[in-house]
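# Descriptive structure summary
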Amino acid sequence: MSIAKVEPLTTARALRGPFDYRLPEAMADLEVGSVVRVPFGRQRLLGVVVELAEASELPPERLAEPLEALEAGTPAELVRLGLWVAREYCSTPSRGLQLVLPPGTGAAGQRVRSRLELRAEIAAPGEAALSGGERLGVKQRAVLEALRAGEMSAPELAAAVGADRGVLRRLEERGLIATCSSRVRRRSSHPEVGARGGRPELLPEQEAAVESIVAALDGEAGAPREQLLHGVTGSGKTEVYLAAVEAALARGKGAIVLVPEIGLAPQAVARFRARLGDRFAVLHSALPDGERYDEWRRLRSGEASVCVGPRSAVFAPLRDLGLIVIDEEHDASYKQDGDPCYDARAVARRRAAESGAVLVAGTATPRPESWLELPRLELPRRVDGQPMPPVAVLDMREADPRSGPLHPNTWEALEGVRAAGAKAIVMVNRRGFAPWLTCRSCGRHWSCPNCDVSLIVHRHSGRLVCHHCAHSEPLPRACAECGSTTLSRAGVGTEQIEALLGERLAPMPVFRLDADTAGARGAHARILAAFGEAESGILVGTQMVAKGHDFPEVTLSAILDADATLRFPDFRAAERTFAMVAQLAGRSGRGAAGGDVIVQTLAPTAPSIVHAAGHDAATFLAAEVERRRALRYPPFSHLTRIVLKAESEGRLDRAATELAQALMPVLPDGTDLLGPAPMFRVRNRHRRRLLLKASEREATIAVVRDTVERLAADRSLREVAISVDVDPQ
Ligand code: ADP
Ligand code: ZN
Ligand code: ZN
């Protein structure tokens, strides 16, 4: 008898498999990774086969049989990876497995299938009927005539001769045609743009990097299996990835290329497609389920062997994985927000190690972790031989407040861009018009009723908007407390800068790129394309404007509030600020005209700003690594954050204290427990945070998992939501 151990796909934390099912003869070919529908108590659930066994500990008569097996399952290797993610990030097996299943397979049981298409071809009696004057309807004759030239699909026949399914069925009944269903790929809705094809001759540094990666692919002794490709912006990293992917393909291996969420711009996708053609698949959560499912199947079947996508593509079902590339490895979008809060970079390392693949993490601004842990390949200069653009740091503490959010030198530089008919990029960290609204008479301040934060003025939509929940309200004309109409807006956001630039620099067009303008599908790409096609212009926006794109006509990039990210109470604040400034600087001067960079800041002496201005990642990172060592921050310790949320503050405090007390005695030696500390209220829920700083990663995670599970099962704390984030960002 064979037994399948099945992990049910359910959101219930308490329901923990795997559970044994008896396999009937007809399901003898089930494998680890097969998705089955199983009876479970009075319900029917989808589940994943996580193991096959000869015998069960339960007597056979107590075992049920699966009801059916679904069309496609997941490779066994990915089942192991999904279960590893569940353990490593304190989640449930079900949530871990969800990550590796075919797209559209959900706990609720809904699923996507391959699209089948009816195809018809003419049979010998059909040929005879045409020439032999047999009685045929007009449509029937037209179909046979059309099929003489070769087989066609039902939709094609409908379009060509107006024949519906009924006509085809009758022809088939008479034996005049033969039909079959075949799987078809849904048409891609990913926006496409033309790409520069061609394969440039690599520079010696690029060549050396490729050689080192290829040596690892070939398993040469001493070649590192994980490497950091540290290359300044515009140094040709993508060409190195492409060459490495081609080398993997030439060895019969597949490759995954991870890109930041935003890096899936059509230009980048088109570049890969142009070089790799049909062997290339995109997996992107923004694709409709059907398309994603087709791409997944192409990878699973081996029809495609390179996958490009954001963090979830680390779970792409490739066979014979040879290479994983992580482009812009510093990017925060590699960390998943919701449970399981996995870090695709860590998952990629795990997957590469398990499958014997080579890992390459590339960026101009590495994370201190990668800098410390990975051997480096360096691309120290730009491909075009241009020097890195000079960076001017403008001290806003000394600027005349009457001149507004732009320093006079910034205005002057922008006017220079207009005079030259060139382009500029201007970055502001906040979207909206102004982050604060207050009454000048009574001092009333508008904040969110559900969250402890200010409401942001959005002039475009005429509303006050909370950036943490869905709350918004009309912009008031007068103060609700005192009736005064003198309301003051303080601080700046992207909308305000857009308006200021538009007024003063007309007729130069201003394009705004932030979550408000790029929200709709395809809008992000459209805005970038419009900026790219414009004769001259300014692109204004949040951090989105600093990422990845390549516009040779940009001769100035400016950041107006470079210290906004420094003020976050987060040990990664310096690293983030460095990356942001360096990435923004990298957008300027990519063409023959060269370029300039302006950094406005209240903290001109902060190391992150000084070294970013000097294009000096090495000095910044060396100091940052030492700072982390001294303060015992990652990678010198492992952080785990536990957040508790509840509407009732009393219950919340009780739960937080209980959790801290339960953890204290069982945590491994060398683990610091910080908190419970209050966090600001969001969506009407109060929050408390516990932070663990651990030396022993696995043991600490295991203790947290058990303790949190125990507390979550306590019915008196039912209203308290507890979430765990391992390696929080
Ligand atoms: P990065 O990813 O480091 O920012 P890219 O790979 O996007 O850099 O390269 C920047 C530009 O230089 C691209 O337009 C690319 O086609 C071009 N390029 C890259 N390598 C070479 C090369 N060896 N010779 C000529 N052009 C190159
Ligand atoms: Zn007032
Ligand atoms: Zn809110």
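Presented here is an overview of the structure given in this document. (Residues numbered from 1 in each chain as written. Chains lettered and ligands numbered in written order. Predicted model: local features only at pLDDT ≥ 70, side-chain atom pairs only at ≥ 80, totals over all residues. Heavy atoms only, no water.)

In the region of ligand 1, 17 residues are neighbours, and Glu201, Gln206, Gly234, Lys237 and Thr238 sit closest. Note that a nitrogen atom of ligand 1 is positioned 2.8 Å from one of the side-chain N or O atoms of glutamine 206. In this structure, lysine 237 approaches ligand 1 through a main-chain N or O atom, which is 2.9 Å from an oxygen atom. In isolation ligand 1 exposes 560 Å². Once the protein is present, 77% of that is buried. Ranked by residue count, the leading element in the shell around ligand 1 is helix α8 (residues 237–250), at 3 residues. (Near = heavy atom within 4 Å. Polar contact = N/O pair within 3.5 Å; in protein donor to acceptor, adjacent residues only side chain to side chain. Areas by Shrake-Rupley, 256 points an atom, 1.4 Å probe, with all protein chains shown as cover. Helix = DSSP H or I, 4+ residues; strand = E, 2+ residues; numbered from the N terminus.)

This brings us to the coordination of the zinc ion (ligand 3). At this site the zinc ion (ligand 3) is bound by Cys448 (SG), Cys451 (SG), Cys466 (SG) and Cys469 (SG), with donor distances of 2.2 to 2.3 Å. The motif formed by the donor residues of the zinc ion (ligand 3), counted along the single chain, is C-x2-C-x14-C-x2-C. Of this pair, cysteine 448 sits in the loop between β18 (436–439) and β19 (456–458) while cysteine 469 sits in the loop between β20 (463–465) and β21 (472–474); the two residues are 21 residues apart in sequence, bridging distant segments of the chain. Accessibility assignment for this pair places cysteine 448 and cysteine 469 in one class, buried. (Donors = N, O, S within 2.8 Å, 3.2 Å for Na, K, Ca; no water. Buried < 20%, exposed > 50% of the residue type's maximum accessible area, 1.4 Å probe, protein only.)

Turning next to empty space enclosed by the protein. Applying the stated criterion across every chain yields a total of 3 cavities of 30 Å³ or more. Every residue along the wall of the largest cavity is listed here: Ile326, Glu329, Arg345, Arg349, Leu359, Ala361, Arg367, Ser370 and Leu374. Contributions of two or more residues to the lining of the largest cavity are made by α11 (344–355) and β14 (358–363). When its residues are assigned to classes, the lining of the largest cavity shows 4 nonpolar, 1 polar and 4 charged. Computed from the structure, the second largest cavity encloses a volume of approximately 40 Å³. Forming the boundary of the second largest cavity are Leu203, Glu205, Gln206, Ser235, Leu379, Pro380 and Arg381. Of the residues belonging to the lining of the second largest cavity, the class tally is 3 nonpolar, 2 polar and 2 charged. (1 Å grid on protein atoms, 1.4 Å probe; cavity = no way out; pocket = protein on both sides within 12 Å on 5 of 7 lines; lining within 4 Å. Points joined across faces, edges and corners; volume = space filled by probe spheres on them. Nonpolar A, V, L, I, M, F, W, Y, C, P; charged D, E, K, R; others polar.)

The next thing to look at is the coordination of the zinc ion (ligand 2). Around the zinc ion (ligand 2), the protein contributes the donor atoms Cys439 (SG), Cys442 (SG), Cys479 (SG) and Cys482 (SG), at 2.2 to 2.4 Å from the metal centre. Considering all 4 donor atoms around the zinc ion (ligand 2), angles at the metal cover 103 to 113 degrees and the coordination shape is tetrahedral. (Tetrahedral: all angles 85-135°; square planar, octahedral: opposite > 155°, others 65-115°.)

Let's shift gears to the pattern of salt bridges. Note on pairing: side chains with opposite charge can pair once their charged atoms come close. Counting across every chain of the model gives 50 salt bridges. For glutamate 295, the salt bridge identified is with arginine 298, shortest N-O distance 2.8 Å. Of the two residues, glutamate 295 and arginine 298 both sit in helix α10 (residues 289–301), 3 residues apart, roughly one turn of that helix. An identical accessibility class is assigned to glutamate 295 and arginine 298; each is buried. Bridged by salt links that share partners, the residues Glu369, Arg572, Glu575, Glu624, Arg627 and Arg628 form one connected network. (Salt bridge = Lys/Arg side-chain N within 4 Å of Asp/Glu carboxyl O.)

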